[in-house]
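Understanding the architecture of this molecule
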There are 2 protein chains.
Amino acid sequence: MLVKFKRFLIGRPMKSTELAAEKLTKRKALAVLSSDALSSVAYGTEQILMVLMAVGVAALWYSIPISFAVLLLLAILILSYRQIIYRYPSGGGAYLVSKENLGVPFGLLAGGSLLVDYILTVAVSASAGTDAITSAFPALHDDRVLIAVVMIGALTLLNLRGVTESASILAYPVYLFVGAIGLLIVCGLFQIVTGQAQATTPEYGTSVPGLTLFLLLKAFSSGCSALTGVEAVSNAIPSFKRPAEKNAATTLLMMGLILGSMFLGISVLAYCFGIVPNGRETVVSQLASSVFGRGTVYYAVQSVTALILFLAANTAFAAFPVLAFMLAKDRYLPNMFTVRGDRLGFSNGIIMLGCLSALLIVLFHGHTENLIPLYAIGVFIPFTLSQTGMMRMWLRSKPSGWLLPFLINTIGMLTTLTITLIFICTKFSQVWLVFLFLPLAIWVFLQIQRHYQSMAGELQIDLAHDKPYQKGTVIVIPVAGITRVVRNSISYATSLTDQVVAVYVGFDEEEIATMERRWAEWNPGVRLIILRSHYRSIVRPLIKFIDTVGWKAAETDHVTVLIPQFITKRWWHNILHNQTSFLIRTYLFARRDVTVTTVPYHLHQ
Amino acid sequence: MLVKFKRFLIGRPMKSTELAAEKLTKRKALAVLSSDALSSVAYGTEQILMVLMAVGVAALWYSIPISFAVLLLLAILILSYRQIIYRYPSGGGAYLVSKENLGVPFGLLAGGSLLVDYILTVAVSASAGTDAITSAFPALHDDRVLIAVVMIGALTLLNLRGVTESASILAYPVYLFVGAIGLLIVCGLFQIVTGQAQATTPEYGTSVPGLTLFLLLKAFSSGCSALTGVEAVSNAIPSFKRPAEKNAATTLLMMGLILGSMFLGISVLAYCFGIVPNGRETVVSQLASSVFGRGTVYYAVQSVTALILFLAANTAFAAFPVLAFMLAKDRYLPNMFTVRGDRLGFSNGIIMLGCLSALLIVLFHGHTENLIPLYAIGVFIPFTLSQTGMMRMWLRSKPSGWLLPFLINTIGMLTTLTITLIFICTKFSQVWLVFLFLPLAIWVFLQIQRHYQSMAGELQIDLAHDKPYQKGTVIVIPVAGITRVVRNSISYATSLTDQVVAVYVGFDEEEIATMERRWAEWNPGVRLIILRSHYRSIVRPLIKFIDTVGWKAAETDHVTVLIPQFITKRWWHNILHNQTSFLIRTYLFARRDVTVTTVPYHLHQ
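Residues numbered from 1 in each chain as written. Chains lettered and ligands numbered in written order. Predicted model: local features only at pLDDT ≥ 70, side-chain atom pairs only at ≥ 80, totals over all residues. Heavy atoms only, no water.

Let's talk about the overall build of chain A
For chain A, the helix and strand inventory stands at 21 helices and five strands. Counting all 605 residues of chain A, 57% fall into the buried class. Taking the contacts inside chain A whose residues are at least 6 apart along the sequence as the reference set, 80% of them involve residues at least 24 apart. When the accessible area of chain A is evaluated, it comes to approximately 25500 Å², of which 65% is carbon and sulfur surface. (Helix = DSSP H or I, 4+ residues; strand = E, 2+ residues; numbered from the N terminus. Buried < 20%, exposed > 50% of the residue type's maximum accessible area, 1.4 Å probe, protein only. Contact = heavy atoms within 4.5 Å. Areas by Shrake-Rupley, 256 points an atom, 1.4 Å probe, with all protein chains shown as cover.)

The following block contains the structure:
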C-alpha cells in the first residue's frame, strides 16, 4: 500500500545508467540554477529601501547609486566565479575550493555556511513567495505558514521525482518571470518617458540630514541580498551537458546579465514611481499595481513572482543534497547522504532540507524577513573563502597567464570580504547566531569523521586469522498464552537447537496456575518458566531473566530471543497488535549480547 | 539515557499493590474531579451574554432569569447522577449504564461522545486558561498556541506521574479559585449594596424588540456549557476511598452547591456592573478589574482562574484513560489502552489525550471558542443516554421504593433531551460535525471488536493435536564487505545450521571483483552470492533474492535473514549507522514467511 503510494508520488525507479540522460542543457540549467538568483530581485530593492526609510522618504533616492554599487559587485562575482568553473569542473564550489587550497577547517566552514544557507534559501524564498500571494490576496494573510509549508512539501516531492522532470516543469516559470518583470520595466519606463507616471518622487540628489555612512553601508549590504544564489551554477557543473565548463560559464554570464538588468530596472522604477516600502505589500506588488492597475496583468505578475520565489527554493533543493553527498563522502556527515534514491536524486538530503526549512517557517511564523541578513552572510562567507582559495591556488601553481585571473579573484575576495565585514558591523544583532552555529557545525563534522575513522579501524579484519567460530545457542521464547503463534515460534526454535525455554510473565496466581496446567496438558517438549511481575510490566522481568540467562551461558552459547510478529492483512491492523513485541524488541536492541529473532505469523483476518 | 530521562520526568515505577494507597479522599476528589465543572463558571456567563449581545445591550438583563434556569437544570442533574452513583458503584458512568440497559450501540454512542468530549475539555480549558492569561497580559496574545500546548504537555507529564501526586498538587488551586471567586462575589455585592458600583446597568425587565424565543433558547443552551464536567464524579467512583458510593455522592453534592453559587454570583455581578462581553477581555477579567482595579488582587484572580482552567483539563486526564480502558477491555479499542504504565496510570490513554488535544489547539490556532458548543453537546448526549438507561433499569428491576428515583431520572432525561434538541436546533451550524463523527466512531469500535474476535478464533489451538513440528533452516546473510561484523554474523549462523549463504549487492564490476577475490582469500566456509544492482538500491535485489530462496525452500526449510545491528556507545551514533539495516528489516517485516534475526555488534567507539 505504502509502496504503491510512494510510486504514485515519486514515479517508477530509474536505472543508474539513466543518470547521463538527466544532464542539463544550457536552457534548462538557466531555469533550474538561476531561479534563486533571479528571484532575489523580488526583495533586493525592497531591502535597500527599508533601510533608507529609517531616515525618511527624502533618502530614498540613494537607492539608485547603491543599486549601481550592487551591480558592480555582481560583475566582479560573475568574473570570479567563471574562474572557479574552469578550474574546478567537477563542481563543489566553495567547499571543494576552500578545502583543497586552505585546508580542511576552512573547507568545513564554507561547507557548513552553505548548508545553512540552502536551508535559509528555502525558508526565505517560500515565505517571500507567500508574501507575493498575500500582497495580492490580503485575506490569506493568516494562512501564511500553511501556504509556505505546503509549497515546501510540493517542492520536496518534485525533487524526489528527479532532476530533469523538475527542470522541465521549472523552465516555463523562470522565463515567464523574466518576461513579466521585463514587461513591467518596459511599460514602467514608457510611462515615465511619456510622463504618464504621476508620483511624488523624492528629489534626486537632495542632501538628507541624519544619513550616515553607516546607514548607507547598511543599505548597500542589504541590497547585496539580491546576489544570493549566484554561486549555484559553479556548484552544479557535473550536472551540465558536455562541454560542461563552457556551458556552465555561458549560463553564469547569461544569468548575470538578466539579473543585473532586472535589479537595476526595478530600483529605477521604484524610485521614479515614488514607491515607499511597507510591511503589508511588497515593493514589486506596489510597482505592478502602479504600472498596470490592479487588474489581470497585475495578478499575472504577482502569481509569476510567487511561482519564481517558490522555485528559487528549488535551487537549494538541487544544491543541498549534492553538497551533503560531498561532505558525507569525506565522512563529515552520516553515510545515509551518499545513497541515491529510486529516482537518482539523493533522497535523504532532499527530505532533510524540506523538513528543516519547513521547521524554520513554522518557528518564525512565516515572518522570515529577519532571516534575510543571516542568509546573506551565509552566502558571503563561502564567497570570500572560495576567492581566497583561488588566489592561493594561482600563487601555488602559477600556470601561464595566471596574473589576470589572480587579480580578478583578489578583487573579488577583497570586495566580498568587505561586504562580509560590513554585514557583521551593521547587522550584528541579526547575524550573531552564525558565530555560534558555524563553530558548532565544524565541531560536529569533525566528530562524525573521527567516529567513522575509529570504527573502520575497529571493524578491520585479518583475513588470514580472524575466521568464524561456532558456539551453542539458547533460545528464549516469551509466551502470553497457548496459541498458534506460540506453536509456530516453538516449531522454529526446536528446529534450530534443543536448548529452548518458554517464559510466561504472570500478574496473579490464578492465571499462572491455569497457564501451568494448560502447558502441561499441551506438552510441547519445551520447558515453561514462570515469572511473577509486581509492576504490571511484562518487559522488565523478561529483560532481567534474559540478562541472567546471558550471564550464565555467554561463554558457551549465543542467547537468542524469539519474538512473534503478526503480519496483518491491512496495515492499520498493526495498531491493534505488535505493541508488546515492539516494546520488547526496542529494549533488547539496546542489549549487548542478545540476538533478537522475529518470527512472522500471518493473520488471515 | 532515555530511560533515566523518563525516570526523572515521571518518577520511579510503582508496584501494583500500591494502587490502593492511590485512592482519593473526599477533599482530594473534589479537587481532582470538580475542576472541570467549577472552571466552567469562567466562561458560562460569558457564553450567555455573547448570545444576548446579538440583540443589544438592553437584552443583557435576560442573563439573570436564564442563569436561574441553568441552576435548576444543575439541581436536576445532580439528583439524577446521585442515583447513578448508588446503582453503579463500579463507575463507568454513561458508557456502562447505556450499554447495560439500552444495548451495545447506545453504550458505544455514549462512550464515543465522552471520549470526544474529554479531548475537547482539554482543548477548550487550555485555551480558555490562555485567554485568562492574555486578558491580563495582552502582549502575550501572539503566543496563545504555544502557551496552551506547553500547559497540555505539563499536564500530560503530571498525569504520567500518577493520580495521587497530581491530586496533591491540584488541591490548592481549586480551593484558591473557589476562594478568589468567592472574594470577588462578596466584594462585588458589597460594592453594589453600598452603592460604590458605578456602572450603566441595562434596566431589568425592559422589553427588548427583536429578542425571539429562539435567541433566548440559544442563550440558555449556551449557558448550559457551565454544566459540563458534572458527570466526572460518577465515572470515577472506584478511585474513591471506602465507602466509595457515599463519598462520591457527597462530593457530587458539594460540587453542585459550589458551582451553583459561583455561577449565579458571577451572572448577577456581570449584570449589576454592566459588563459587556468583547473578544479581547474575558467577562471575569472585566469583573475583577471593575471590583478590584487592575492591581495585585486582579492579577491574583486572573492567575488563579488560568490555573483552574488548566487543571480543568486535568479532569479529562483522569477520566479519558479509564473510559478508554473500559472500551479496550470490551475489545472496542486497541489492546494497548488496557496496559497500566510504570506509575499505575494508563499511560497510553494519557499520552493519546495529550496529543489529540494539542493537535486541536494547533489546528484551531488556539481559538477554541467555536468548540464550546460541540463540547457541550458531547456532554448532553451521554447525559440523556444515561438517564434513559436508568429509567429502563428501574422499570425492569423495580426494587422497593423505585418510583421516586425513576421520576427523578425521567425528569432528568426529559430536561437533558430538551437541551440536546435546543442545541441541535439553535446551533446546528456549529455542531453538525458530531453527527458525522459519532456514527463513524461507533463503526470503528465495532470493526475493532470484530477483528479481535475473529483473530482469537484464528489463533485458537487444539491442545491435543496441534503440536510443534521441526523443519530445516536456510540462513541468508547480507554482507557489505569483510569486517568483524560479518565474521560475527557468520559465526552465529554456522552455529545454528550448515545451510548458510552470504549475499553481496554490487554496483560496479570492479568492486564486485575485489569482493570475490577477498572472500576467496578469507574463505569463511560460507558461499558468497553476488547480486548486481542497476538501481543503486541495496534492498530491492536482496528482497528478490530472498523471495526466490523462500519459494524454493519453503516446503522443507524456514528461511531466516541475518541482519547485523550496531550497538553504539552513545545513542546519537545511531544516526551514523544502522540505516540500511533498518530499511531491510522494515521491508522484510512485511513479508510472509521470512524470519528476521538481528545480531548485535557492540561498537567500542
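Some words on unusual backbone geometry
All names here are of chain A. Phi angles above zero are rare outside glycine, and arginine 331 is one such case at about 75°. Positive phi outside glycine occurs at lysine 398, with the angle close to 45°. Note on placement: lysine 398 falls in the loop between helix H15 (371-397) and helix H16 (403-426). Of the residues examined, lysine 398 reaches a relative accessible area of 47% and is grouped as partly exposed.

Let's talk about the environment of glycine 293 of chain A
Here glycine 293 of chain A shows up in the loop between helix H12 (283-292) and helix H13 (296-329). Look past the residues within four positions of glycine 293 of chain A in its chain and what remains in contact with it is Ala288 and Tyr298 of chain A.

A few points about the pattern of salt bridges
Residues and elements named next belong to chain A. Within the structure shown, the criterion is met by 10 salt bridges over all chains. Where glutamate 509 meets arginine 532, a salt bridge forms, and the shortest distance between an N and an O atom there is 2.8 Å. One end of the pair, glutamate 509, is in helix H19 (residues 509-522); the other, arginine 532, is in strand E3 (residues 527-532), and 23 residues separate them in sequence. (Salt bridge = Lys/Arg side-chain N within 4 Å of Asp/Glu carboxyl O.)

Details of the environment of valine 505 of chain A
Residues and elements named next belong to chain A. In this structure, valine 505 sits in strand E2 (residues 500-506). Measuring from C-alpha to C-alpha, the distance between valine 505 and valine 479 comes to 7.9 Å, with 26 residues separating the pair along the chain. Excluding anything up to four places from it in sequence, valine 505 contacts Val479, Leu531, Ser533, Ser537, Ile538, Pro541 and Leu542.

A short note on the nonpolar core
Leu52 and Leu327 of chain B are the most contacted members of the largest nonpolar core, which has 147 residues in total. Take this core: its biggest share by element is 18 residues, from helix H13 (residues 296-329) of chain B. (Core = buried A, V, L, I, M, F, W, Y, C linked by side-chain atoms within 4.5 Å.)

Points about the pairing of strand E3 (residues 527-532) of chain B
All names here are of chain B. When strand E2 (residues 500-506) meets E3, the two strands line up parallel, connected through six bridges. For valine 505, the partnering residue across the bridge sits in E3 and is leucine 531. Of the crossover connections in this fold, the one passing from E2 over helix H19 (residues 509-522) to the parallel E3 is right-handed. (Pairing = 2+ DSSP bridges. Right-handed = clockwise from strand over helix to strand, strands pointing away.)

Let's talk about the packing of helix H5 (residues 93-102) of chain A against helix H6 (residues 104-136) of chain A
All names here are of chain A. Look at H5 against H6: their axes get within 6 Å of each other, and the N-to-C directions meet at 165°. For the element pair H5 / H6, the angle class is roughly antiparallel. Handedness of the crossing formed by H5 with H6: right-handed. Between H5 and H6, the contacting residues are Ala94, Tyr95, Ser98, Lys99 and Leu102 on the first element and Val104, Phe106, Gly107, Leu108, Ala110, Gly111 and Leu114 on the second. Among the residues making up the contact of H5 with H6, the classes are represented as eight nonpolar, three polar and one charged. (Axes fitted to C-alpha atoms, helices over the stretch in contact; angles between N-to-C directions. Parallel < 35°, antiparallel > 145°, perpendicular 65-115°, else oblique. Left-handed = near helix turned anticlockwise from the far one by under 90°. Nonpolar A, V, L, I, M, F, W, Y, C, P; charged D, E, K, R; others polar.)

Description of the side chain of serine 357 of chain A
Residues and elements named next belong to chain A. Tracing the backbone shows serine 357 in helix H14 (residues 347-363). Polar side-chain contacts of serine 357 include one of 3.2 Å to the backbone oxygen of glycine 354. Setting aside its immediate chain neighbours within four residues, serine 357 contacts Ile119, Val122, Ala123 and Ile152. (Polar contact = N/O pair within 3.5 Å; in protein donor to acceptor, adjacent residues only side chain to side chain.)

A word on helix H18 (residues 484-496) of chain B
Residues and elements named next belong to chain B. Here H18 spans 19 Å end to end across 13 residues, near enough to the 18 Å set by a 1.5 Å rise per residue. A large share of H18 lies buried, amounting to 12 of its 13 residues. Three or more residues of H18 are buried, namely Val485, Val486, Arg487, Asn488, Ser489, Ile490, Ser491, Tyr492, Ala493, Thr494, Ser495 and Leu496. (Expected span 1.5 Å × (residues − 1).)

Things to note about helix H9 (residues 213-223) of chain B
Looking at H9 of chain B, one finds that the buried residues are Leu215, Ala219, Phe220, Ser221, Ser222 and Gly223 of chain B. Against the buried residues of H9 of chain B lie helix H3 (41-53), helix H4 (63-87) and helix H16 (403-426) of chain B.

Brief notes about the packing of aromatic side chains
All names here are of chain A. Within this structure, the stated rule accounts for 18 aromatic pairs over all chains. When the centroid spacing of 6.2 Å and the interplanar angle of 40° are considered together, the rings of phenylalanine 380 and phenylalanine 423 count as tilted. Placement of the pair is phenylalanine 380 in helix H15 and phenylalanine 423 in helix H16, with a sequence separation of 43 residues. Taking the relative accessible area as the measure of exposure, phenylalanine 380 reaches 0% and is therefore buried. Joined through ring pairs, the aromatic side chains of Tyr81, Phe380, Phe383 and Phe423 make up one cluster. (Phe/Tyr/Trp six-rings, centres within 6.5 Å; stacked < 30°, edge-to-face > 60°.)

Some points on the sheet that holds strand E4 (residues 557-567) of chain B
Here we have 10 strands laid out as an open sheet, ordered E3(A)-E2(A)-E1(A)-E4(A)-E5(A)-E5(B)-E4(B)-E1(B)-E2(B)-E3(B), and mixed in their pairing. At either end of the open sheet lies a strand with only one pairing partner, and these are E3 of chain A together with E3 of chain B. Across the sheet, the mean angle separating the axes of adjacent strands is 30° when strand polarity is ignored. Its contacts with the sheet place helix H20 (residues 539-553) of chain B against strand E1 (472-479), E2, E3, E4 and strand E5 (594-602) of chain B, and it is angled at close to 170° to E1 of chain B.

Some details on the packing of H15 of chain A against H16 of chain A
All names here are of chain A. Running from amino to carboxyl end, H15 crosses H16 at an angle of 150°, the nearest separation of the two axes being 8 Å. In terms of orientation, H15 and H16 fall into the roughly antiparallel class. For the element pair H15 and H16, the recorded crossing hand is left-handed. Per-class residue counts for the contact of H15 with H16 are 17 nonpolar, eight polar and no charged.

Concerning the environment of alanine 136 of chain B
Its place among the elements puts alanine 136 of chain B in helix H6 (residues 104-136). For alanine 136 of chain B and arginine 294 of chain B, which are 158 residues apart along the polypeptide, the C-alpha to C-alpha distance reads 8.9 Å.

A short note on the confidence of the model for chain A
Counting all residues, the mean pLDDT for chain A is 82, and 89% of those residues have values of 70 or more. Scored as a whole, the predicted complex attains pTM 0.69, and scored at its interfaces, ipTM 0.71. (pLDDT = per-residue confidence, 0-100.)

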